[in-house]
Amino acid sequence: MTNTTKRFGGLAATTAVLALTAGAAFSQTVEITQDMPATPDMMEHLPAEIAERGTLNVATTDGNAPWVYVDAESGEVMGVDADLVNQAAERLGLTVNWEVIQFTAGIPGVQSGRYDLYLSAMADTKAREEIVNFISYSQEGSGVIVPKGNPLGIETMADLCGHTVAIVTGSLFPAIIEDLNETECDEPVTIMETADQTGPYLAVASGQADATMNTYGVSNYALTKATEGIQTQLELSPVERFAPANQGIAFSKESTDLMAAMGGAMQAMLEDGSYQAIMDEWAVGDGAVETFTFNSPLF
């Protein structure tokens, strides 16, 4: 399996990538409905133009291990997301061209046709489904990360009131904090936003912010595995895991055939045990879904 990783700093490569990704220009045969289950026979819907091309242009965001990250030595995209997409693509006779981008560029890149799909431990939500479709492929929750030793004694969500919380722009956390401010806080939480995944960790470690929020599995993996760097200065707080979500793979609403084909390949992996083996290998087996479904948000 070829695993090619490219980094794009701006829009200079847009024209070249758009020339490769033209799924939206072709009529689709599959109609996606809410909570629609994937079946292995959907693999037959792989668009002819993508089969002829032989590759999938897939975008992701570094820094979400064990779900997805870029290996520092090899430069390859690794993790659950990578193993899942690489194997599903292989079953469709395709290789994967991985491109590493900012989280905020993922959905717009899929909408524009620059990428065939995007995934990076991202929740499938009703709001996001207004502009893209999703394959739900795992279940996760979120946690609150604080400085080592939890100096402010953050034990509940309400303990964040009056403090500064750093988050990634475009994540689901601004809405959660806004709701907290409306329902729990006399003194509101101050939101600090950053465009990249490491920014919130840096903000908390440096004292610019008092806490951050992130996918629980990502945080647990990063903070327990770290032996150096800013992660060694942080820990998961006792705040109860919140915002349970189905994590999803985003596709353009104009690419339902490709989405069906990928869902079919993944369902085949579930039925023969390959999917569970991947989840178990990365110690997230308890987040496995019972079947792959399309557009199944929990909120």
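Residues numbered from 1 in each chain as written. Predicted model: local features only at pLDDT ≥ 70, side-chain atom pairs only at ≥ 80, totals over all residues. Heavy atoms only, no water.

1. Considerations on the environment of leucine 46
Applicable threshold: Note on conventions: DSSP H or I runs of at least 4 residues are helices, E runs of at least 2 residues are strands, and numbering of each starts at the N terminus. Between two residues, a contact is recorded if the distance between any of their heavy atoms is within 4.5 Å.
For leucine 46, the location among the structural elements is in the loop between β2 (36–37) and α2 (48–53). Sequence separation of leucine 46 and glycine 93 is 47 residues, and the distance between their C-alpha atoms is 10.0 Å. Those residues in contact with leucine 46, other than ones at most four positions away along the chain, are Ala51, Leu92, Leu94, Asp257, Leu258 and Ala261.

2. Let's talk about unusual backbone geometry
The omega torsion across alanine 65 and proline 66 is 10°, close enough to zero to call that bond cis. Among the structural elements, proline 66 can be located in the loop between β3 (55–60) and β4 (69–70). The phi dihedral of asparagine 150 is positive, around 50°, even though this residue is not glycine. Take asparagine 150: it is sitting in the loop between β8 (132–147) and β9 (164–168).

3. Points about helix α5 (residues 173–183)
Our working rule: Only protein chains enter the accessibility calculation, which uses a 1.4 Å probe; a residue whose area is less than 20% of its type maximum is buried, one above 50% is exposed, and one in between is partly exposed. The directions from the helix axis to the C-beta atoms form the arc being described.
Three or more residues of α5 are buried, namely Phe173, Pro174, Ile177 and Leu180. Buried residues in α5, looked at end-on, bunch into an arc of 120°, giving them a common side. Those residues of α5 that are exposed and angled more than 90 degrees off the buried face are Ala175, Glu182 and Thr183. As for α5, its buried residues are in contact with β8, β9, β10 (190–194), β11 (211–215) and β13 (242–252).

4. Overview of the packing of aromatic side chains
Selection criterion: Note on ring pairs: Phe, Tyr and Trp rings are taken, using the six-membered ring of Trp, and paired if centres are within 6.5 Å. Classes follow the plane angle, with under 30 degrees stacked, over 60 edge-to-face and the rest tilted. Here, a charge over a ring is recorded when the distance from Lys NZ or Arg CZ to the ring centre is within 6 Å and its angle to the ring normal is within 35 degrees.
Across all of its chains, the model carries 5 aromatic pairs by this definition. Plain terms: the ring middles of phenylalanine 173 and phenylalanine 242 are 6.4 Å apart, the flat faces sit at 65° to each other, and that makes the pair edge-to-face. Of this pair, phenylalanine 173 sits in helix α5 while phenylalanine 242 sits in strand β13, and the two are 69 residues apart along the sequence. Phenylalanine 242 shares its class with phenylalanine 173; the two are buried. Over the face of the ring belonging to tyrosine 216 we find arginine 241, whose NZ or CZ atom lies 3.8 Å from the ring centre.

5. Quick look at the pairing of β10
This is how the line gets drawn: At least two DSSP bridges between two strands are required for those strands to pair. If the strands point away from the viewer and the path from the first strand over the helix to the second runs clockwise, then the crossover is right-handed.
Of the pairings in the sheet, the one linking β9 to β10 comprises 5 bridges and is parallel in character. Along β10, the bridge assignment pairs threonine 164 with threonine 190. You can see the chain leave β9, run along α5 and come back into β10, and the turn it takes is right-handed.

6. Let's talk about a negative patch on the surface
Let me state the cut-off plainly: Here a patch means residues that are over 30% exposed by relative accessible area and free of salt bridges, tied together within 9 Å if like-charged and within 5 Å if nonpolar (Val, Leu, Ile, Met, Phe, Trp, Tyr). Only the protein chains shown count as cover for residues, and the accessible areas themselves come from Shrake-Rupley with a 1.4 Å probe. The salt bridge criterion pairs a side-chain nitrogen of Lys or Arg with a carboxyl oxygen of Asp or Glu, the two atoms within 4 Å. Neither His nor the chain ends contribute to the count of charged residues, in which Lys and Arg are positive and Asp and Glu negative. A single reference atom marks each charge: NZ on Lys, CZ on Arg, CG on Asp, CD on Glu.
On the surface, Glu178, Asp179, Glu182, Glu184 and Glu193 cluster together into a patch of negative charge. Ranked by residue count, the leading element in the negative patch is α5, at 3 residues. For glutamate 193, the position within the fold is in strand β10. With relative accessibility at 44%, the residue glutamate 193 sits in the partly exposed group.

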